[in-house]
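# Chain and residue survey
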Amino acid sequence: SQQGEEDPQALSIQEGENATMNCSYKTSINNLQWYRQNSGRGLVHLILIRSNEREKHSGRLRVTLDTSKKSSSLLITASRAADTASYFCATVRHGSGNTGKLIFGQGTTLQVKP
Amino acid sequence: DAMVIQNPRYQVTQFGKPVTLSCSQTLNHNVMYWYQQKSSQAPKLLFHYYDKDFNNEADTPDNFQSRRPNTSFCFLDIRSPGLGDAAMYLCATSRDRVGNQPQHFGDGTRLSIL
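In this report, the structure presented in the accompanying data block is examined.

Reading the values: rules and limits
- Residues numbered from 1 in each chain as written.
- Chains lettered and ligands numbered in written order.
- Predicted model: local features only at pLDDT ≥ 70, side-chain atom pairs only at ≥ 80, totals over all residues.
- Heavy atoms only, no water.
- Helix = DSSP H or I, 4+ residues; strand = E, 2+ residues; numbered from the N terminus.
- Buried < 20%, exposed > 50% of the residue type's maximum accessible area, 1.4 Å probe, protein only.
- Contact = heavy atoms within 4.5 Å.
- Areas by Shrake-Rupley, 256 points an atom, 1.4 Å probe, with all protein chains shown as cover.
- Lys, Arg positive; Asp, Glu negative; His and termini not counted.
- Charge placed at Lys NZ, Arg CZ, Asp CG, Glu CD.
- Buried area = accessible area lost by both parts, 1.4 Å probe.
- Salt bridge = Lys/Arg side-chain N within 4 Å of Asp/Glu carboxyl O.
- Polar contact = N/O pair within 3.5 Å; in protein donor to acceptor, adjacent residues only side chain to side chain.
- Pairing = 2+ DSSP bridges.
- Axes fitted to C-alpha atoms, helices over the stretch in contact; angles between N-to-C directions.
- Disulfide = S-S within 2.5 Å.

Within chain B, the secondary structure is distributed over 0 helices and 11 strands. Counting helices and strands in the order they occur from the N terminus, chain B gives β-β-β-β-β-β-β-β-β-β-β. Taken over the C-alpha atoms alone, chain B extends approximately 40 × 30 × 30 Å along its principal axes. For chain B, buried positions account for 50% of its 114 residues. Restricting the contact set of chain B to residue pairs at least 6 apart, pairs at least 24 apart contribute 55%. Counting every atom, chain B has about 5400 Å² of accessible surface; 49% of that belongs to carbon and sulfur. Once the 11 positive and 10 negative side-chain charges of chain B are each reduced to a mean point, those two points are 5 Å apart.

Next comes the structure, spelled out in structure tokens:
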């Protein structure tokens, strides 16, 4: 079963605008990861944020993590048409032993219109 | 460039006819994963290898099997594909098995069942 819930399910914005996607999860985690998936392609890792971190940046991406609310957000600033993709959050559950199993959210489909 | 390569990108098989999907990696990662992803859904883990140690997910159908003859290659065998097995199959690798490192995905094989 999926642990993560993502919100919104779909998002459509104009190029240059910011896009914010939210992810909630249910159990304690070791870390939370964000992945991008272009249509018909594999997933590409974007950012990994550990449970003791609150914010991380990578280029135009900013990820926050609030473990008290069991939620994370991904902000893409100054979006481009090439950012059009599905975005998934995935958690590694605390105490998952030696599996490193990623539990994926349902994803947010982002469309950036030129 | 080091990468994860899946062949073929598209596979068509007949109902009940065995099919094998392949994955190779040049990253020299110990862990390899197989995921099933149906349309507009999150990837679902089928099984993973840590070196030659095979780990099956509890809800993976018996119809699905895997082989890892060496570090670089991993195969997904579907013994008697049903219509419900039509999906994208994604292979991924990771440096560690506890989930503290990102997973690297191939571009997937899209399987169609006639």
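Take the interface of chain B and chain A next. Every contact between the two is made by 22 residues of chain B and, on the other side, 23 residues of chain A. Buried surface at the junction of chain B and chain A, both sides included, amounts to about 1800 Å², of which 48% is carbon and sulfur. Here chain B is connected to chain A by 2 salt bridges. Connecting chain B to chain A are 9 residue pairs in polar contact (both at pLDDT 80 or more). Listing elements by their share of the side of chain B that touches chain A, those giving two or more residues are strand 4 (31–37), strand 5 (44–50) and strand 9 (87–94) of chain B. Looking at the side of chain B that touches chain A element by element, the count peaks at 3 residues for strand 4 of chain B.

Residue and element names in this part refer to chain B. Taken in spatial order, the 4 strands line up as 1-3-8-7 in an open sheet, and their pairing is antiparallel. Only two strands of the sheet have a single neighbouring strand rather than two, namely strand 1 (4–7) and strand 7 (64–67). Each strand of the sheet is rotated relative to its neighbour by a mean of 20 degrees, with strand direction disregarded. Taken together, the 4 bridges between strand 7 and strand 8 (residues 73–78) define a ladder with antiparallel strand orientation. Across the sheet, Ser-66 pairs through a bridge with Leu-76, a residue of strand 8.

What makes a disulfide is a covalent bond joining the sulfur atoms belonging to two cysteines. Taken as a whole and judged by the stated rule, the model has 2 disulfides over all chains. Through a disulfide, A:Cys23 is tied to A:Cys89; the S-S separation comes to 2.0 Å. An S-S torsion of about 70 degrees defines the bridge between A:Cys23 and A:Cys89 as right-handed. Placement of A:Cys23 in strand 3 (residues 19–24) and of A:Cys89 in strand 9 (residues 85–93) is noted, with a sequence separation of 66 residues between them. Owing to a relative accessible area of 1%, A:Cys89 belongs among the buried residues under this scheme. Across the disulfide, B:Cys23 is cross-linked to B:Cys91 (sulfur-sulfur distance 2.0 Å).

Turning next to the sheet that holds strand 3 of chain A. Residues and elements named next belong to chain A. Read across the sheet, 5 strands follow the order 1-3-8-7-6 without closing on themselves; strand pairing throughout is antiparallel. Whereas interior strands pair on both sides, the edge strands pair on one side only; in this sheet they are strand 1 (5–7) and strand 6 (55–58). Within this sheet the neighbouring strands show an average axis-to-axis angle of 15 degrees, counted without direction. Judged from the 6 bridges that link them, strand 3 and strand 8 (residues 71–76) form a sheet pairing that is antiparallel. Following the sheet pairing, Cys-23 is matched in strand 8 by Ser-72.

Taken by themselves, the reported measurements are silent on function.
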